[in-house]
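Listed below, chain by chain, are the residues.
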Amino acid sequence: MARQHAAESPQVSVVVLVYNEIDSVEPLHRELMGVLEGFGRTFEVLYIDDGSRDGSTERLAELAARDARVRVVSFRRNFGQTAAVQAGIDHSRGEILVFLDGDMQNDPHDIPHLLDKVDEGYDVVSGWRRDRKDDAMRVVPSRIANWLIARVTGVRLSDFGCTLKAYRREVIEDVRLYGEMHRFIPVFAAAIGGRITELPVNHRPRTYGRSKYSLSRTSRVALDLITVKLLGSYSTKPMYFFGFAAFGLWALAVVLAAIVIIQKLAPPHVFAHNNPLLLLSVVVFIVGVQFILMGLLAELVIRTYHESQSKPTYVVREIFERGGDRQPMTNGRTAIRAR
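Here goes a summary of the coordinates provided.

Calculation criteria
- Residues numbered from 1 in each chain as written.
- Predicted model: local features only at pLDDT ≥ 70, side-chain atom pairs only at ≥ 80, totals over all residues.
- Heavy atoms only, no water.
- Helix = DSSP H or I, 4+ residues; strand = E, 2+ residues; numbered from the N terminus.
- Buried < 20%, exposed > 50% of the residue type's maximum accessible area, 1.4 Å probe, protein only.
- Contact = heavy atoms within 4.5 Å.
- Areas by Shrake-Rupley, 256 points an atom, 1.4 Å probe, with all protein chains shown as cover.
- Pairing = 2+ DSSP bridges.
- Core = buried A, V, L, I, M, F, W, Y, C linked by side-chain atoms within 4.5 Å.
- Salt bridge = Lys/Arg side-chain N within 4 Å of Asp/Glu carboxyl O.
- Patch = residues over 30% accessible without salt bridge, like charges linked within 9 Å, V, L, I, M, F, W, Y side chains within 5 Å.
- Axes fitted to C-alpha atoms, helices over the stretch in contact; angles between N-to-C directions.
- Parallel < 35°, antiparallel > 145°, perpendicular 65-115°, else oblique.
- Left-handed = near helix turned anticlockwise from the far one by under 90°.
- Nonpolar A, V, L, I, M, F, W, Y, C, P; charged D, E, K, R; others polar.

**A word on the overall build of the protein**
Across its full length, the protein carries 10 helices and 9 strands. Burial analysis of the protein (339 residues in total) assigns 41% to the buried set. Restricting the contact set of the protein to residue pairs at least 6 apart, pairs at least 24 apart contribute 76%. Surface accessibility of the protein: about 18500 Å² in total, with carbon and sulfur atoms responsible for 59%.

Set out below in structure tokens:
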């Protein structure tokens, strides 16, 4: 759904993700409004209700009815955290977006510190739950996943899973999220040249509700990481990925064939038709050919994707022209006339 526009956009949109948090809605809202009203910026609070069934929806509707700065987007059913984050991007109006969970484990008092970092010139400020108040069954897999994501993507953050983050709208408004990819938004921002930093934040023990985390999410994150890596590094040149894989397989096929020849010439003189390495060599070579063909198909798909929608392969931060005008970041489709 397209982002809704208002006559005057607020400076900051605070997006709160809620799913069955009826006990924490009121105290979180009071604390959040106390923080936001004290830092001298125009703001809105956007609650994303991810299909709650415990009365949270009605409680949020009451908050929106009392304050024009509060809006609620309520899903028909539970679509998951990634869909909720995408809805926050689509329906918010602020120049800066701040996300936090509705269970009160994220501390609203950290929001001004995140915004101060944005004012320093960063496009993404990621919260780091350095002293995390969760049990080991959540902390240990999370640390392993964070280390793996940082190594694979090259984005050196310590806590990709922390919801408390601040973004400039311009670096995430074109992002489309699927699966469990909400945690990879900093990776998408880095891919277009976004400036990223992290800030240690307060993480509070859970006092309301129960955790929605399950270990099955870890496997989904691993699969999404593969997708993100391939799309991020090879989205405009898929033949490089498949081609290098094919070269590796062909090299292995040559080595296996050489071993077959050596075993035929040297005692005990294993005949090639009785040597399983010959069949393995042929199979590996054929798989390499298939990788090349897949690379060609991927190239056709990518070219169709970009050219049919006039999608540029670059992102402009800003344009400087004679006369002192500065054009803001665009997606590359806007033509700028020289003076």
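So much for the structure itself; the text now carries on.
**Let's talk about the pairing of strand β7 (residues 196–200)**
Along β7, the buried face is formed by T197 and L199; none of I196, E198 and P200, which line the opposite face, is buried. As defined by bridge partners, strand β5 (residues 124–128) adjoins β7 across 5 bridges and the pair is classed as parallel. From the neighbouring strand, V125 faces β7, where its bridge partner is T197.

**Things to note about the nonpolar core**
Among the nonpolar cores identified, the biggest contains 31 residues, and I48, I89, F99, I172 and F184 are the most heavily contacted of them. Elements supplying a minimum of two residues to this core: β1 (12–18), β2 (43–49), α3 (81–91), β4 (96–101), α5 (136–153), α6 (169–172), α7 (185–191) and α8 (216–234). With 4 residues, α3 is the single largest residue contributor to this core. If you look at the next biggest cluster of nonpolar residues, it comprises 30 residues, including V16, L28, L114 and L199.

**Focus: the pattern of salt bridges**
In this structure the tally under the stated criterion is 16 salt bridges. The residue E44 makes a salt bridge to R93 at a minimum N-O spacing of 3.5 Å. Placement of E44 in strand β2 and of R93 in the loop between α3 and β4 is noted, with a sequence separation of 49 residues between them. Per residue, the accessibility class of E44 equals that of R93, and both read buried. For D123, the salt bridge is made with R195, and the minimal N-O distance between the two is 3.6 Å. On the criterion of sequence distance, the pair formed by D123 in the loop between α4 (111–119) and β5 and R195 in the loop between α7 and β7 is long-range, its members being 72 residues apart. Connected through salt bridges with shared partners, the residues E31, D107 and R204 form a single ionic network.

**Observations concerning a nonpolar patch on the surface**
Together, L278, V282, F285, I286, V289, L293 and L296 line one region of the surface with nonpolar side chains, adding up to about 570 Å² of accessible area. I286 gets classed as partly exposed once you look at its relative accessible area, which sits at 43%.

**Remarks on the environment of F184**
With respect to the helices, strands and loops of the structure, F184 is situated in the loop between α6 and α7. Since its relative accessible area comes to 0%, F184 is described here as buried. A sequence separation of 24 residues divides F184 from F160, and the C-alpha atoms of the two residues are 7.1 Å apart. Here F184 is in contact with I149, V221, D224, L225 and V228, once residues within four sequence places are set aside.

**Some details on the packing of helix α1 (residues 22–36) against helix α2 (residues 56–66)**
Where α1 contacts α2, the two axes come as close as 8 Å, and the packing angle between them is 20 degrees. Between α1 and α2, the interaxial angle falls into the category roughly parallel. Pair α1 / α2 crosses with right-handed handedness. Residues I22, V25, E26 and H29 of α1 form the contact with α2, whose own contacting residues are S56, R59, L60, L63 and R66. Of the residues assigned to the contact of α1 with α2, the class counts are 4 nonpolar, 2 polar and 3 charged.

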